[in-house]
Amino acid sequence: MKENKMLNYIKDVLENMPSDWLHLTTHRLDIYNEELAKTQFLDQFENLFNDHNSTTSALSKLPTAYDYIRLGHPLSSILEWGIANLHELDAEEVISFQSQTVPVLAILRKNLLNNKKTQILYTHQLPDFFDAEVIKRVYGYQFELKKIDKTSDIATFDGSTVLISENDKVSNIDLNSNIDFYINLYGDLGSVLLINGKQNESYISAIQHVRRRETISMTPENCYTALKSLVAHSSVETKKNIAEANKTSVKGSINSITGTTTKALVASSGLSMQYAIMMGLVDDALENHKGKEIKFIVPPNCYGGTNDQARRVAACLDNVEVVDLPVDGDNDMVKSIDTVLTQIAQEDAVPYIIAEIPTNPRVEVPELQKLKEVLSTERKTATGETAIDPVFILDQTFCPNYQFLGKGKILSTVRTISYVSGSKFPSGGKCTAGYCVGNKNTEALIEKVGKHLELCDNEATALQYKILAKQMPSMNQRIKDAYKNTREFVTFIHKVLPEAKINFVSDKLASQGFTPSVFSLDLPTKGETAEEKEAYKRKLNLKLINLMITEISTESKFCVSYGQLKGCYWTVPATSTQGTTKEGDKDYIVRVSVSGNLDLELHMKVFLDFVESI
C-alpha cells in the first residue's frame, strides 16, 4: 500500500514536472544551499508527497537540488528517493551514475585510502570495458574478482563486498547483510549504487565526491526513463545506439573548429574528459618512463574541479604529485612554467601541465610565442641527460574557437592536448558533454586517453551527441555575437563605475582571436581595515547579483555556466566554481557570462541603478 502510494505519486510528478527538470544543465544559486545539496530538495519534495501535491506550480517552487546536473538534479534525486524507499534505505544511500564503471572505482578509491580489502562479485558478466588489470596497474586499486551463481552463497568477508548485476527493470531487490554495496547496471542508462548497512555510511560523501569529479550523475533523460520503468514495473530499453551520423558530425565539427585532423574524443562532461586525459597520461608514463615520478602542474586558483581532480588522482598514486603553477595577477604563466619545468627536469620527472587560456576567472592570456618557446626548450636533468619534454593540457573552454593545434599554429609542434567543456558554447548549455583533441605529436597519447574514457564508461551519451551535432555548427557565430555584447557591457561599466577593476581581454587580444564573453568584476569597496573592506565587497557582490536577477528575472540568472544561448549569468567563483579550492586562492569577485541574445540596454540600465545606489 505504502509502495503503491509512492509509485503513484512519482507517476503524477513525471506528468506534471517543470520542463526545466529535463532540459536545463545549470540551476539557480539563489535558491540553493550547497551544504544541503539533494537533502533540502528531497525534504521539501517529501512534504509535497505527504500533502498529495504534485502540481507543476508546487514542483517549480522546490529549491535547487544541485547547481549543475553533472553533480545531480531533481530527477536523479527522485529516482534515488524512490529506490531508497523500496529498500527502506535513506535516500543518501542510493547514488545514480551515468557510468557503469565509476561506482566501482569510487568504492575502490575509498578502500585504497583506508587500506581496506575489496571483493567484487558478479552474477552474469562484467561489461567488456571493465579491465581489471588496468584498474590495478594504473589506478592502483586492489581487489578480488569472482563470478557467483547465487547471492545466498555469499559468506562474510574481511573487507567490503561489492555485488555487480545487470538489470532490465528498476525494481526492488532483497538485501543481503553480507553485501556492502549493490551496483545495478542498466546498460546505456547507467547504474545505481545501493549502500547497505550503517557501517558503510562513511562511504556516502566519498562516493558522491567521485560522482562530482570523475563522472556525472545519470542524465535527466535516462533518469526519466528509469523512473517510468520503476512506476510501471516494466522492463527498460537499456541499449541506446548512438547515431553514427551524429558522432561523425560532432567529431567533424571539432576538427573543423580546432583546425586539426587527428582523432577527437567526446565525453559525458568536461571533467570526465579531463579524468580520461589524466589517467591516459599516467598510463603512458608507466609504460614509457618506468620508475619516474609524474608531476601534474596545475594553477592553484583555476577552476575548482580541475584543481580538485588533479589532487585526488595524486592522493591515490605514490608516484604522482601536484605542483602549483601561479598564473594570475602578479604572476606570469610563461615565467612560472619555465621555473617549474626547470625544477622538474632536474628531478628527471614526467611533466604534465594543465592550464586554462584565457585563465579563469581573471581572463588573462599569456604571450603565446613565449609560451611556445618555454614549452619547446630542451632541458637537462641533474645528471646531464635530456629531460622528458612536457605535455601541455590546455583547457580552452573560454575560447573554444581559437586554433592552437592545427598545422602551422602556435602550439602545433609542442605536445598539446586541448579540451573543452561542452556544456558551455559547444552545446549552448543544453548538455554537459566535453571533448578533446590533440595535435600530430600526441596521436599515441590520445589512444591512451580514449582507452581510459572507455574503461570509465564516460563517453558522451546518444542524446549528448545529438545535441552537439545540432549546436556546434553555429558555435563560432554565437561566440562572435556574445563577445560583441560583452565588449559593449564592459565598456559601459568602465564608463559608469571607473573605480571597479574589470578583468577582460584587451582589444589587441580580441583582434588576435581571443573573444570570450565572460568577464570578472572586482567592485570598489570601503572600510578601515582589510577585513572590513573584504566584507563590504562581498556584500556588494551579492547586492549587484540580486538586483540583476530580480529586475531582469527573465534573462539574468544567479548560476554557474558560460556560453549559454540567451540571457546573462552571474556568480561569485569563490562560492561556486572554486568550491574546493584552498581559501587563500579563492576569488571573491563577480563573474559575468553574457550571451549574444539578451536585452543589453536593460542590463545597462539596471547596472546604472546599482551604481547610483552605492
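Fair warning: this is a prediction, and the values are worked out from it, not measured in the lab.

Quick notes on the rules
Residues numbered from 1 in each chain as written. Predicted model: local features only at pLDDT ≥ 70, side-chain atom pairs only at ≥ 80, totals over all residues. Heavy atoms only, no water. Helix = DSSP H or I, 4+ residues; strand = E, 2+ residues; numbered from the N terminus. Rg over C-alpha atoms; globule rule 2.2 N^0.38 Å. Buried < 20%, exposed > 50% of the residue type's maximum accessible area, 1.4 Å probe, protein only. Contact = heavy atoms within 4.5 Å. Areas by Shrake-Rupley, 256 points an atom, 1.4 Å probe, with all protein chains shown as cover. Salt bridge = Lys/Arg side-chain N within 4 Å of Asp/Glu carboxyl O. Expected span 1.5 Å × (residues − 1). Phe/Tyr/Trp six-rings, centres within 6.5 Å; stacked < 30°, edge-to-face > 60°. Pairing = 2+ DSSP bridges. Axes fitted to C-alpha atoms, helices over the stretch in contact; angles between N-to-C directions. 1 Å grid on protein atoms, 1.4 Å probe; cavity = no way out; pocket = protein on both sides within 12 Å on 5 of 7 lines; lining within 4 Å. Points joined across faces, edges and corners; volume = space filled by probe spheres on them. Nonpolar A, V, L, I, M, F, W, Y, C, P; charged D, E, K, R; others polar. Disulfide = S-S within 2.5 Å. Arc of directions from axis to C-beta. Core = buried A, V, L, I, M, F, W, Y, C linked by side-chain atoms within 4.5 Å. Parallel < 35°, antiparallel > 145°, perpendicular 65-115°, else oblique. Left-handed = near helix turned anticlockwise from the far one by under 90°.

Visitor: Would you mind showing me how to read the overall build of the protein here?
Guide: A count of helices and strands for the protein gives 20 helices and 18 strands. Here the C-alpha atoms of the protein give a radius of gyration of 24 Å, agreeing with the 25 Å that 2.2 N^0.38 yields for 614 residues. Relative to its full complement of 614 residues, the protein shows a buried share of 61%. Considering only contacts in the protein between residues 6 or more positions apart, those separated by 24 or more positions represent 74%. Accessible area for the protein stands at about 24,500 Å²; split by element, carbon and sulfur atoms hold 47% of it.

Visitor: Just to check I follow, could you spell out the pattern of salt bridges for this structure?
Guide: When the charged atoms of two side chains lie near each other, side chains of opposite charge can form a pair. Tallying each qualifying case throughout the model produces 26 salt bridges. For K448, the salt bridge goes to E287, with nearest N and O atoms at 2.5 Å. Of this pair, K448 sits in helix 15 (residues 443-455) while E287 sits in helix 11 (residues 270-288), and the two are 161 residues apart along the sequence. Three or more residues are tied together by salt bridges with common partners; here these are E133, R137, D283, E287, K448 and K451.

Visitor: What is the right way to read helix 6 (residues 102-114) from this model?
Guide: For an α-helix, 3.6 residues make a turn, and residues three or four places apart therefore share a direction. With 13 residues, helix 6 extends 18 Å between its outermost C-alpha atoms, agreeing within 8% with the 18 Å of an ideal straight helix rising 1.5 Å per residue. The element helix 6 is largely enclosed, with a buried count of 10 among its 13 residues. Residues of helix 6 that are buried: V102, P103, V104, L105, A106, I107, L108, R109, K110 and N111. The first or second residue beyond helix 6 is N115, which carries a positive phi of 55 degrees.

Visitor: Just to check I follow, could you spell out the packing of aromatic side chains for this structure?
Guide: Each aromatic ring pair is described using two quantities: the centre-to-centre distance and the angle formed by the ring planes. Overall, the coordinates contain 22 aromatic pairs when judged by the stated rule. Pairing F41 with F45 gives two aromatic rings, centres 6.0 Å apart and planes at 15 degrees, and the pair type is stacked. With F41 and F45 both in helix 3 (residues 39-50), this residue pair falls four residues apart, about one helical turn. A relative accessible area of 1% places F41 in the buried class. By relative accessible area, which is 0% here, F45 ends up buried. With 6.3 Å between their ring centres and 85 degrees between their planes, F489 and W570 make a pair best called edge-to-face. Taken together, the residues span a long stretch of sequence, with F489 in helix 17 (residues 475-496) and W570 in strand 17 (residues 568-571) at a distance of 81 residues.

Visitor: How should I be thinking about the sheet that holds strand 14 (residues 501-503) in this particular structure?
Guide: Taken together, the five strands give an open sheet; going across it, the order is 14-15-18-17-16, and neighbouring strands pair in mixed fashion. Edge positions in the open sheet fall to strand 14 and strand 16 (556-558), since each of these has one partner strand only. Each strand of the sheet is rotated relative to its neighbour by a mean of 25 degrees, with strand direction disregarded. Bridge count between strand 14 and strand 15 (residues 518-522): three bridges; the pairing is antiparallel. When the bridges of strand 15 are listed, K501 appears paired with D522. Taken strand by strand, helix 17 contacts strand 14, strand 15, strand 17 and strand 18 (590-594), and its axis lies near 15 degrees from that of strand 15.

Visitor: I would appreciate a short explanation of empty space enclosed by the protein in the present structure.
Guide: To locate leftover empty space, one rolls a probe as large as a water molecule over the atoms. Under the counting rule described, the total for this entry stands at three cavities of 30 Å³ or more. The calculated volume of the second largest cavity comes to roughly 130 Å³. Around the second largest cavity, the lining comprises 15 residues; the ones closest to its centre are R109, Y141, E214, Y275 and C316. Among the secondary structure elements, those contributing two or more residues to the lining of the second largest cavity are helix 6, helix 8 (203-214), helix 11 and helix 12 (304-316). Partitioning the lining of the second largest cavity into residue classes produces 11 nonpolar, one polar and three charged.

Visitor: Can you walk me through the sheet that holds strand 7 (residues 264-267) in this structure?
Guide: The strand order 7-13-12-11-10-8-9 describes an open sheet built from seven strands, whose pairing is mixed. Pairing within the sheet leaves two strands with one partner each, and these edge strands are strand 7 and strand 9 (320-324). Between one strand axis and the next, the sheet turns through 20 degrees on average, direction left out of account. Here strand 10 (residues 350-356) pairs with strand 11 (residues 391-395) via five bridges, running parallel. When the bridges of strand 11 are listed, I354 appears paired with I393. Here helix 12 sits on the sheet in contact with strand 8 (294-298), strand 9, strand 10, strand 11 and strand 12 (416-421), set at roughly 145 degrees to strand 9.

Visitor: Just checking my understanding: could you explain the state of the cysteines for this structure?
Guide: Note on terminology: a disulfide is the covalent bond linking the sulfur atoms of two cysteines. Under the definition given, this model contains zero disulfides. With no disulfide of its own, C316 lies closest to C456 among cysteine sulfurs, the gap being 12 Å. No disulfide involves C568; its sulfur sits 9.6 Å from that of C559, the nearest cysteine.

Visitor: It is not clear to me how helix 3 should be interpreted in this structure. Could you clarify?
Guide: Taking 1.5 Å per residue as the helical rise, helix 3 with its 12 residues ought to reach 16 Å, and the 16 Å between its terminal C-alpha atoms agrees with that figure. Regarding helix 3, the residues found buried are F41, L42, F45, L48 and F49. Within helix 3, the buried residues cover an arc of 115 degrees as seen down the axis, which keeps them to one side. Check the buried side of helix 3 and you find it contacts helix 1 (2-16), helix 2 (20-23), helix 4 (56-60) and helix 5 (74-86).

Visitor: Looking at this model, I keep getting lost on the nonpolar core. Mind explaining?
Guide: Buried together is how nonpolar side chains tend to be arranged in soluble globular proteins. The biggest cluster of nonpolar side chains holds 90 residues, and the ones touching the most others in it are F404 and F607. Per-element tally for this core: the top contributor is helix 17, with nine residues. Discounting residues that sit within four places of it in the chain, F607 has contacts with F489, F492, I493, V496, L497, L521, L544 and M548. Counting 66 residues, the second largest nonpolar core, distinct from the first, contains V102, A310, A314 and I417.

Visitor: Whenever I open this one, the pairing of strand 11 confuses me. Can you help?
Guide: Remember that side chains alternate between the two faces of the sheet whenever the strand is regular. Counting buried residues in strand 11 gives five out of five residues, a clear majority hidden from the surface. Taking every second residue as pointing to the same face, both faces of strand 11 are buried, with V391, I393 and D395 on one and F392 and L394 on the other. Note that strand 11 and strand 12 share four bridges and pair parallel. Opposite F392, over in strand 12, you have T416 as the bridge partner.

Visitor: Explain the packing of helix 11 against helix 15 here, please?
Guide: Packed helix pairs are specified by the crossing angle of their axes together with the interaxial distance, meaning the distance between the axes. Axis separation between helix 11 and helix 15 bottoms out at 7 Å; the angle between their running directions is 120 degrees. By the angle between their directions, the pair helix 11 and helix 15 is classed as oblique. In the crossing of helix 11 with helix 15, the sense of the turn from one axis to the other is right-handed. On the side of helix 11, the interface is formed by S272, M273, A276, I277, M279, G280, L281, D283, D284 and E287, while helix 15 contributes L445, K448, V449, K451, H452 and L453. Tallied by class, residues from the contact of helix 11 with helix 15 come to eight nonpolar, three polar and five charged.

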